[in-house]
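# A closer look at the structure
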Amino acid sequence: SADGGRSLSLDSIPMGLPMSDPTAWTTAMNNLGMAPMGMTGQPLLPDFDPALGMMTGIPPINPMMPGLGIVPPPIPPDMPAVKEIIHCKSCTLFPPNPHLPPPATRERPPGCKTVFVGGLPENGTEQIIMEVFEQCGEVIAIRKSKKNFCHIRFAEEFMVDKALYLSGYRIRLGSSTDKKDTGRLHVDFAQARDDLYEWECKQRMLAREERHRRRLEEERFRPPSPPPVVHYSDHECSVVAEKLKDDTKFLEAIQTLLTWIERGEVNRRTANNFYSMIQSANSHIRRLVNEKAAHEKEMEEAKEKFKLALSGILVQFEQIVAVYHSASKQKAWDHFTKAQRKNISVWCKQAEEIRNIHNDELMGIRREEEMEMSDEEIEDPSEMKETEESALVSQVEALKEENDSLRWQLDAYRNEVELLKQEQGKASRDEDTTKEQQMKLLQQALQGMQKHLLKVQDEYKKREAELEKVREDKLKIETLLENLKEQESSTSRVCACSQEKECPVDKTLSNSPVKSEREVLLVGIISTFLHVHPFGASIEYICSYLQRLDSKICTAEVEVLMTRLQNTFRQELSGVGASLEKRWKFCGFDGLKMT
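It should be emphasised that the depicted structure is a prediction, and the values quoted were computed from it without experimental measurement. (Residues numbered from 1 in each chain as written. Predicted model: local features only at pLDDT ≥ 70, side-chain atom pairs only at ≥ 80, totals over all residues. Heavy atoms only, no water.)

### Brief notes about the pairing of strand β7 (residues 149-154)
So the rule is basically this: At least two DSSP bridges between two strands are required for those strands to pair. Every helix listed is a DSSP run of H or I at least four residues long, and every strand listed is a run of E at least two residues long, numbered separately from the N terminus.
Here strand β5 (residues 114-118) pairs with β7 via five bridges, running antiparallel. Note on β7: the bridge partner recorded for Val117 is Cys150. Both strand β6 (residues 139-144) and β7 contribute to a ladder of five bridges, which runs antiparallel. When the bridges of β7 are listed, Ile142 appears paired with Ile152. Taking the residues that link successive antiparallel strands as the turn, the β6-β7 hairpin has four residues, and the phi of Asn148 there is positive, at about 65°.

What follows is the structure, encoded as structure tokens:
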């Protein structure tokens, strides 16, 4: 692997040796709910059922048989599993204190097949580690470190749970009590790239299987596609022509005919055949018209039946409403209790609403009939001729119907008026509540506005005070400026007088090599710098120092000034050949004696 570990297989180590005490391993694995494993990594009990905690499918086991132990009864979940001493060929494992809490472990990584084993003895070898942990399952690789820990990779994920069972055990190599031959095992989950890669591959495979399963389900529930239309031939043409004559197969044959025409199968050779098929299709128009007329007749009969039934229902509704109205009169109304009166009034309203709905429906049907009759009269003016008696009868019936409809409309209006009164009462109550809520909201808004106004007034007062302070400061500054101007004018006068007196001094200075106060300052600074450097310094070094103080100083100006002051600065040559260098030195003390 990338960590420089060595991959070990079971064949590279002789594991054919029997365990010294296989009963302890069997009992420990049974306590954990796992099948006992042999030295070769194979389960000793192939039919072990961890869910039941017992062995199925095999005869009773003799406790004295080598490699097998007595399987205890299932342990309750609240009772801790008892760990026992485990004897191996080269070492012994002692269980931890059962009263201590279980050792802490990290969160299990997805697809974890690798464990971290710490607390190994210093003298522990890979063979001993293999001997201990191959009881948990097939070991693929062991990566051992020099610092008493290792990483073990198993073949399956469930083997990691078996290895975690050994966490907390104390290990002793042989019968030695040396510190280098003992240790306390700490087994925990480890995060490995190989485990994560295999887990991701497995998840992708499961996702592919799920997509395939869903695709199969969708294909199974998808409606079947229509059968393909056969290609045109003389035989198929004769078959379709026969189907067109049959009423039951006409729909299928007409679709085939339409497809052939759209495909462009019509040509000079097949035109007669197609014409005969189109003629057969045309013969079905009369049949379809007759079927439509029959259905319309059935629909008219059904309408008449519905209208008669509805009129009968309306008559019964009228009688029920009449009963309610008669019960609401004072003669009978006074003998009912309040609850009975309430129920009667509710029932009466419900019955009136239902009656009005049915009445509107019946009137709508009659209006539709009248509209149809008027359309028929417009279309057929010959049918408008009726006898006077039939006209009178129809007028009488129409007047009766109008009278009934007006009476029903009057009852409906009465009910609507009562409902409007009730709604107005409710609305007035709702309006009162809404007005109260609006008043509360307005009061809260006014209080908020008042607080905001008070804050604004306070801020305004603070700003006015600040403005007054600024004005006072401005006046003070103006007075100070005036005083300064007066002082400057007075000082300028004094300076003019002093300049007139010092004119001869300036004349003497004009004859000196130093011409300005700036040059005097430069001389002083250069003298101090060269005094610190008794062996002298180059003009570039001096100028670099001066340019730190004033970037406007140039090398030529400094060199001219120093050449004028020969009694203060002296230039010397140092070095030989290519290393010849000009250095300036301070000689002011010697120059003072000479002058």
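So that's the structure; there's more coming.
### Section: the sheet that holds strand β8 (residues 170-173)
One open sheet accounts for four strands, arranged β3-β4-β8-β9; its pairing is antiparallel. Single-partner strands in this sheet number two, and they are β3 (86-87) and β9 (182-184). As judged from the four bridges shared by strand β4 (residues 91-94) and β8, these two strands associate in the antiparallel manner. What sits directly across from Leu93, in β8, is Ile171.

### Things to note about the packing of helix α6 (residues 250-263) against helix α7 (residues 271-282)
To keep it simple, the criterion reads: Angles run from 0 to 180 degrees between N-to-C directions of axes, and those axes are lines fitted to C-alpha atoms, restricted for helices to the stretch in contact. Each angle is binned into one of four classes, with values under 35 degrees roughly parallel, values over 145 roughly antiparallel, values of 65 to 115 roughly perpendicular, and all other values oblique. Here a crossing is called left-handed whenever its near helix is offset anticlockwise from the far helix by less than a right angle, and right-handed whenever the offset is clockwise. The criterion used for residue contact is that any of the two residues' heavy atoms lie within 4.5 Å. Residue polarity is assigned by list, with Asp, Glu, Lys and Arg as charged and Ala, Val, Leu, Ile, Met, Phe, Trp, Tyr, Cys and Pro as nonpolar; anything else, Gly included, falls into the polar class.
The contact between α6 and α7 brings their axes to 11 Å, and the two run at 140°. On the basis of their axis angle, the class for α6 and α7 is oblique. You can see that α6 and α7 cross each other, and the crossing is left-handed. Facing Phe250, Ile254, Leu257, Trp260 and Ile261 of α6, the residues of α7 in contact are Phe274, Met277, Ile278 and Ala281. A class-by-class count of the residues in the contact of α6 with α7 yields nine nonpolar, no polar and no charged.

### Looking at the packing of aromatic side chains
Stated precisely, the cut-off is as follows: What counts as a ring pair is set by centres within 6.5 Å for rings of Phe, Tyr and Trp (its six-membered ring), and what kind of pair is set by the plane angle: stacked under 30 degrees, edge-to-face over 60, tilted for all other angles. We call a residue buried when its accessible area falls under 20% of the maximum for its residue type, exposed when it is over 50%, and partly exposed in between, using a 1.4 Å probe and counting protein chains only.
All chains considered together, the criterion is met by nine aromatic pairs. Here the aromatic rings of Tyr232 and Trp260 are separated by 5.1 Å at their centres, their planes lie at 90°, and the arrangement is edge-to-face. Of this pair, Tyr232 sits in the loop between α4 (193-221) and α5 (234-245) while Trp260 sits in helix α6; the two residues are 28 residues apart in sequence, bridging distant segments of the chain. Taking relative accessible area as the criterion, Tyr232 reaches 13% and is therefore assigned buried.

### A closer look at the environment of Leu419
Structurally, Leu419 can be placed in helix α11 (residues 388-501). On the accessibility criterion, Leu419 (33% relative accessible area) is partly exposed. For the pair formed by Leu419 and Lys349, sequence separation is 70 residues and the distance between their alpha carbons is 9.6 Å.

### A word on a nonpolar patch on the surface
This is how the line gets drawn: A patch is a set of surface residues, each over 30% in relative accessible area and not in a salt bridge, joined within 9 Å for like charges and within 5 Å for the nonpolar side chains Val, Leu, Ile, Met, Phe, Trp and Tyr. Per-residue and other accessible areas follow the Shrake-Rupley method at a 1.4 Å probe size, with only the shown protein chains counted as cover for residues. Every case where a carboxyl oxygen of Asp or Glu lies within 4 Å of a side-chain nitrogen of Lys or Arg is listed as a salt bridge.
A contiguous nonpolar patch, built from Ile261, Val266 and Ile278 and spanning about 230 Å² of accessible area, is present on the exposed surface. Along the chain, Ile261 turns up in helix α6.

### Section: the nonpolar core
Where we set the bar: Buried residues of nine kinds, namely Ala, Val, Leu, Ile, Met, Phe, Trp, Tyr and Cys, make up a nonpolar core once their side-chain atoms join them within 4.5 Å.
Core analysis: the biggest nonpolar cluster contains 32 residues, and Val117, Phe133, Ile152, Phe154 and Leu166 have the highest contact counts within it. Where this core is concerned, the elements lending two or more residues are β4, β5, α2 (126-133), β6, β7, α3 (158-164), β8 and β10 (186-189). In terms of nonpolar packing, the next biggest core, distinct from the first, is built from 18 residues, Ile553, Met562, Phe569 and Trp584 among them.

### With respect to the packing of helix α14 (residues 539-549) against helix α15 (residues 555-564)
Taken N-terminus to C-terminus, the directions of α14 and α15 make an angle of 115°; their axes are 10 Å apart at the nearest point. Our classification of the angle between α14 and α15 gives roughly perpendicular. Considering only the axes of α14 and α15, their crossing is right-handed. Here Ile539, Ile542, Cys543 and Leu546 of α14 come into contact with α15, specifically with Thr555, Val558, Glu559 and Met562. Class assignment of the residues belonging to the contact of α14 with α15 gives a composition of six nonpolar, one polar and one charged.

### Thoughts on a negative patch on the surface
Selection rule: As used throughout, the charge tally considers Lys and Arg to be positive and Asp and Glu to be negative, leaving His and the chain termini uncounted. Just so you know, the charge point we use is NZ for Lys, CZ for Arg, CG for Asp and CD for Glu.
A cluster of acidic residues, Glu298, Glu300, Glu301, Glu368 and Glu372, forms a negative patch at the surface. Looking at the negative patch, the elements that each hand over two or more residues are α8 (284-327) and α10 (338-379). When residues in the negative patch are grouped by element, the largest group, three residues, is from α8. The exposure class of Glu368 is partly exposed, given its relative accessible area of 48%.

### Some points on the side chain of Thr256
Condition: In protein, a polar contact means a hydrogen-donor-capable atom and an acceptor-capable atom, both N or O and within 3.5 Å, with residues adjacent in sequence counting only if both atoms are side-chain atoms; elsewhere, any N or O pair within 3.5 Å suffices.
Structurally, Thr256 can be placed in helix α6. Accessibility expressed as a relative area gives 13% for Thr256, which makes it buried. At a separation of 3.1 Å, a polar atom in the side chain of Thr256 contacts the main-chain carbonyl oxygen of Glu252.

### Digging into the UniProt feature "coiled-coil region" (unreviewed entry) in the protein chain
Just so we agree on the cut-off: UniProt positions are given in the numbering used here, feature names are shortened, and annotations may be inferred rather than shown by experiment.
UniProt annotation of "coiled-coil region" (unreviewed entry) refers to residues 278-305 and 396-490 when read in the numbering used here. With 96% helix and 0% strand, the stretch residues 278-305 has end C-alpha atoms that lie 41 Å from each other.

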